[in-house]
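Understanding the architecture of this molecule
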Amino acid sequence: IAAVASALFSVFIMDEYYLSWSTFYPINQQVFDRNSIFNTEAAGGIDYFGGKGDANRVLTIANSLPVEQFIIDSFKLAEHYKIDKDSKYWATKVRKKFEKNYEAIKTDNDAIRISLYDTDPKMAADMINTIVTRIDNINKEVALNTKRKTYDAISAEIVKYEQTMHDFSDTLAILGERYKIKVATGSDGTII
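Here's a quick rundown of the structure. (Residues numbered from 1 in each chain as written. Predicted model: local features only at pLDDT ≥ 70, side-chain atom pairs only at ≥ 80, totals over all residues. Heavy atoms only, no water.)

Under the definition given, this model contains five salt bridges. Lys-85 is paired through a salt bridge with Glu-79; the nearest N and O atoms lie 3.4 Å apart. Two residues, Asp-136 and Lys-140, come together in a salt bridge whose shortest N-O distance is 3.2 Å. One end of the pair, Asp-136, and the other, Lys-140, are both in helix α7 (residues 121-178), four residues apart, so they sit about a helical turn from each other. Judged by its relative accessible area of 35%, Asp-136 falls in the partly exposed class. Take Lys-140: its relative accessible area is 44%, and that puts it in the partly exposed class. (Salt bridge = Lys/Arg side-chain N within 4 Å of Asp/Glu carboxyl O. Helix = DSSP H or I, 4+ residues; strand = E, 2+ residues; numbered from the N terminus. Buried < 20%, exposed > 50% of the residue type's maximum accessible area, 1.4 Å probe, protein only.)

In terms of nonpolar packing, the biggest core is built from 26 residues, with Leu-77, Phe-98, Tyr-102, Ile-114, Ile-131 and Ile-135 touching the most fellow members. Elements with a contribution of two residues or more to this core: α3 (52-62), α4 (65-74), α5 (77-80), α6 (90-101), β2 (102-106), β3 (112-118) and α7. Excluding anything up to four places from it in sequence, Phe-98 contacts Glu-68, Ile-71, Ile-72, Leu-77, Tyr-81, Leu-116 and Ile-131. (Core = buried A, V, L, I, M, F, W, Y, C linked by side-chain atoms within 4.5 Å. Contact = heavy atoms within 4.5 Å.)

Rendered as structure tokens:
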């Protein structure tokens, strides 16, 4: 009787849930490091895919409140989960229901696996794709900040070396005048 009752309950009363998931590897942030860009002695180079530290950073982003809230707001999950917005603590109820169906974990191979259960299979797939894109955008912002800092540092060094070259040119011109040495500039900008 219990088996028949539970079968009838699961078939006719319970909602059917669909699993959508994505597995990906995070990028190695050291790829954008200034030392790795100009390091000519590295044996084999730097791996493009990140290690445990990179996986942990992406996992932290995946489980962060801004990512969850972005999905809750973008997909109007309060309406989807049929939670009345006039009820007390409705936002907490929506977040708890989402978190019950959402999981972001690190696999044994340091990949990130994002999974989500939902009653609408298309919506589950769309949410997973949006989550992965959001994580990637936040993670890229970190990389872009690193690139900006590297660019700024290299630009500052170029300005410094250009000033040094200008000083050498001025010194060479002064010495040429003092010792009656003719100083000319070659077609490629070199001083002869």
